[in-house]
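Architecture and fold: a report
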Amino acid sequence: MKNKNWFLRAYTTQENAGDTYNSTIAARLFNEALLPSGGATGWFSQYAQNYIKSRLPASLGGAGLGDAAAEIYARSATDAASGRPNGAIYNNPLFQKIVQTPISKGGGLFVDKTALYMIEGQYNLTHALGLEKTKTDLLVGGNWKQYALNSQGTLFADTAGKIYINEVGAYAQLSQQLFNDVLKLTASGRYDKNSNFDGRFTPRFSAVVKLAKNHNLRFSYQTAYRFPSTQNQWINLLVGGGTRLMGGLPQLRNFYNFNNNPSYTLASVRAFGASVLSGNPNPGLLQVQNFGKFKPESSNSFEVGYKGLVAQKLLIDVYAYWAAYKDFLGGVTVVQSQNGSPFGLLGLNPNGSSGNAATTRTIYSISVNTPGNVNTNGWGASVQYLLPRNFSLNANVYSDQIGSLPSDFVSYFNTPKIRTNIGFSNSGFLLDNRLGFSLMYRYQDSFYYEGTFGTGNVPSFTTIDGVITFKLPATKSMIKIGGTNLLNRYYTNGFGNAQIGGLYYVSYGYNVF
């Protein structure tokens, strides 16, 4: 519902994971079902026997193969003995049984039917209170949000039933024009509360100074508050190989007995591993991971900018910002022994002999707040120049950076240092100005990507997008023929993500102008 002074809207999003499954877990379960890894007759034992046999000279009943050839032979012979099929396994009945069985019941299937319910509204009280006479604006609003986590234990810690998370918020904003509209001041504040976290009030202030007609300076100071996401709070997913993604709420650490069986920092486990390799095991090098109170992330930021129109042709917009985050949300990796011995942290048996790392330890990637403050800064600039006959040029460049972080802390900042776009377009030419076009060159700098799936460098890339448009004035319609990444040069925007090629389209829009 909408009025010129108010609006009220409600919506819901309903997720359904469908046939989505964890490919890593499914493949491991498939292999284990064919031939278990451990034991005297397991895959590793048979592989070792086949390898040794192939390496022995013919005089001793072997094949006398070199190291590389022996490895190939041992793997192929062991796989053949396990009955593993050649080629794609997706349609294999055993594999299908695994991917159709939920993760919580020993399979690989995600069963996520999480829902979001949202109600929000806003009222402009300016006219009702007669504030327009003093060039004052007053807005108030609020929202209610509910997450209903429902993955049946395949993604969240909701095996016992749905998990509900409620959020409420309210805000007010007051704006005032001063000195014959030379100065506009705005102050606002909002309060937010999540059922798992304390509430917080966050004020914001801004000022816009009119230097001359079509030339403005802007300043703003903002405080912000970000609740951990549903996955930050409640994810509980074993991704394979003894690695578990875990939310930051203390209920999960209590469930996995962190109080009586502590987890250790990754750096200290590596140091202990080095001492074992040197022949002098030193468990004293191990350091227990300290988990503070899990909190929402808060920030204070300051921004300054300029926007101006020169000679009614050149539009310029530049800005810079500085921000300081407290309780910055990220993650740490810790290791917990599952066999009662420090050696279990290294995937070894209690006596120090080789073991199965998937059962002797669990590696956790856990959402946490970073200690101290984390600083970020950035800037941006854009220009648009209007040429004769509806032609125009535009360009922009942006930069964002994050400051230093504690060791072993994963920020998931995942933002390239430089991003830029350069475009050339025409809004109407030929055939009574019905034709139009747009070309856009895009560049993104390389950056180091951090994710729960993996970490690594994402290469820089460039793409060219383009579209030709044709207007149909009688019906206020438009036909578009275009594409993104026209040259079909594959790139990736995240470590481990699928490569992205060209996308080409034809579209028709009705009543669009």
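Coordinates for the structure precede this section.
A brief structural summary. (Residues numbered from 1 in each chain as written. Predicted model: local features only at pLDDT ≥ 70, side-chain atom pairs only at ≥ 80, totals over all residues. Heavy atoms only, no water.)

**Looking at helix α3 (residues 67-82)**
- With 16 residues, α3 extends 23 Å between its outermost C-alpha atoms, agreeing within 8% with the 22 Å of an ideal straight helix rising 1.5 Å per residue.
- For α3, every residue scored as buried is listed here: A70, A74, T78, D79 and S82. Viewed end-on, α3 has its buried residues packed into an arc of 155 degrees, placing them on one side of the element. In α3, the exposed positions angled more than 90 degrees off the buried face are occupied by A68, I72 and A80.
- Where α3 is buried, its residues touch α1 (23-34) and α2 (43-55).
- Phi turns positive, to about 85 degrees, at G83, one or two residues after α3. (Helix = DSSP H or I, 4+ residues; strand = E, 2+ residues; numbered from the N terminus. Expected span 1.5 Å × (residues − 1). Buried < 20%, exposed > 50% of the residue type's maximum accessible area, 1.4 Å probe, protein only. Arc of directions from axis to C-beta. Contact = heavy atoms within 4.5 Å.)

**Some thoughts on the packing of aromatic side chains**
- Counted by the stated rule, this structure contains 23 aromatic pairs.
- Look at F30 and F95: their rings are 5.8 Å apart centre to centre, the planes differ by 80 degrees, and that puts the pair in the edge-to-face class. Of this pair, F30 sits in helix α1 while F95 sits in helix α4 (residues 93-99), placing them 65 residues apart in sequence. One exposure class covers both F30 and F95, and it is buried.
- Between F258 and F291, the aromatic rings sit 5.9 Å apart at their centres with planes inclined by 50 degrees, giving tilted as the arrangement. One end of the pair, F258, is in the loop between α6 (250-255) and β10 (264-265); the other, F291, is in the loop between α7 (266-277) and β11 (297-310), and 33 residues separate them in sequence. (Phe/Tyr/Trp six-rings, centres within 6.5 Å; stacked < 30°, edge-to-face > 60°.)

Such coordinate-based values are descriptive only and should not be taken to indicate function.
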